Amino acid sequence: MVDQLSLSEGEQRRPQPTLAHERGGRPEGVSVGERPPLPRHKTLALLVGRITTIKLAYWAALTLIELALPRFVDRPFEERFPFSIALAAVTTLVALVWARSQARVIDRRAGGIERGFATVATTFAAASVVASPGSLPLLLVERARSLEGCAPGISCHLEAILLWVALFAVGFVLIPAVFAFSLRSAH
């Protein structure tokens, strides 16, 4: 026979927490007509985690593609470079769609992330400080590509470095911008 523990009077009356999706995406304690509170630590941590994951996955995917491409497309750099551009474009599109969708996902505990100065600033700060160093392995790969078939120590394929600069701009500015402006409006 299992003994049942009795709940104290205070525990019996304490309201049970509800999930954010049951509250229409609002944090606990915010009614429909009321202005939501400023972002809390949990909400900002959720935002940083999401944008960092997207950006690190973006850089990792691009780096792996660039490392694997010469094995699958056994051609000189000039003939292989259009494949690099096409695969980078597809990877960028996937990252932008992912950023847009993750900005709108409602977390069960923290609620939705609303667009405001603090959340937009945090998005760009997290993107620049935390995730941008993830682009350095891609830079090293593109630097090696810029030397393929050239005289020792001389870059003759500047387009490989320019590709990295363009992808860095996408990761540094465009992905965080899509994420930030896809956040739910406070109104």
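Bear in mind that the values here come from a model prediction, so they are computed numbers and not experimental data. (Residues numbered from 1 in each chain as written. Predicted model: local features only at pLDDT ≥ 70, side-chain atom pairs only at ≥ 80, totals over all residues. Heavy atoms only, no water.)

1. Brief notes about the environment of Arg 115
Let me state the cut-off plainly: The numbering of helices and of strands both runs from the N terminus, where a helix is a DSSP run of H or I of at least 4 residues and a strand a run of E of at least 2. Note on classification: 1.4 Å probe, protein chains only; a residue is buried when its accessible area is under 20% of the maximum for its type, exposed when over 50%, partly exposed between these limits.
Take Arg 115: it is sitting in the loop between α3 (77-104) and α4 (117-131). The class for Arg 115 is partly exposed, based on a relative accessible area of 30%.

2. Some remarks on the state of the cysteines
The criterion, for reference: The disulfide criterion used throughout: a pair of cysteine sulfur atoms within 2.5 Å.
Tallying each qualifying case throughout the model produces one disulfide. The disulfide partner of Cys 150 is Cys 156, and the gap between their sulfur atoms is 1.7 Å. When the S-S torsion is -75°, as for the bridge of Cys 150 with Cys 156, the disulfide is left-handed. Given the relative accessible area of 41%, Cys 156 is considered partly exposed.

3. Brief notes about helix α5 (residues 136-146)
How we decide: Here, the arc refers to the directions that run from the helix axis to the C-beta atoms.
Here α5 has its buried residues at Leu 138, Val 141, Glu 142, Arg 145 and Ser 146. Angular distribution of buried residues about the axis of α5 spans 145°; they occupy a single face of the element.

4. Section: α3
Under the convention used in this document: One fewer than the residue count of a helix, multiplied by 1.5 Å, yields its expected span.
Taking 1.5 Å per residue, 28 residues should reach 40 Å; α3 reaches 40 Å between its end C-alpha atoms and fits that length. Listed as buried for α3 are Phe 77, Arg 80, Phe 81, Ser 84, Ala 88, Thr 91, Thr 92, Ala 95, Leu 96, Ala 99 and Ala 103.

5. A look at the nonpolar core
To keep things clear, this is the line we draw: Among buried residues, the Ala, Val, Leu, Ile, Met, Phe, Trp, Tyr and Cys ones that are joined through side-chain atoms within 4.5 Å form a nonpolar core. Working rule for contacts: check all heavy atoms of both residues, and any pair within 4.5 Å makes them a contact.
Ranked by internal contacts, the top residues of the largest apolar core, which has 25 residues, are Tyr 58, Leu 62, Leu 167, Ile 175 and Phe 179. Counting only elements with at least two residues in this core, the list comes to α2 (41-72), α3 and α6 (158-182). Apart from the residues within four sequence positions on either side, Leu 62 is in contact with Ala 88, Thr 91, Leu 138 and Leu 167.

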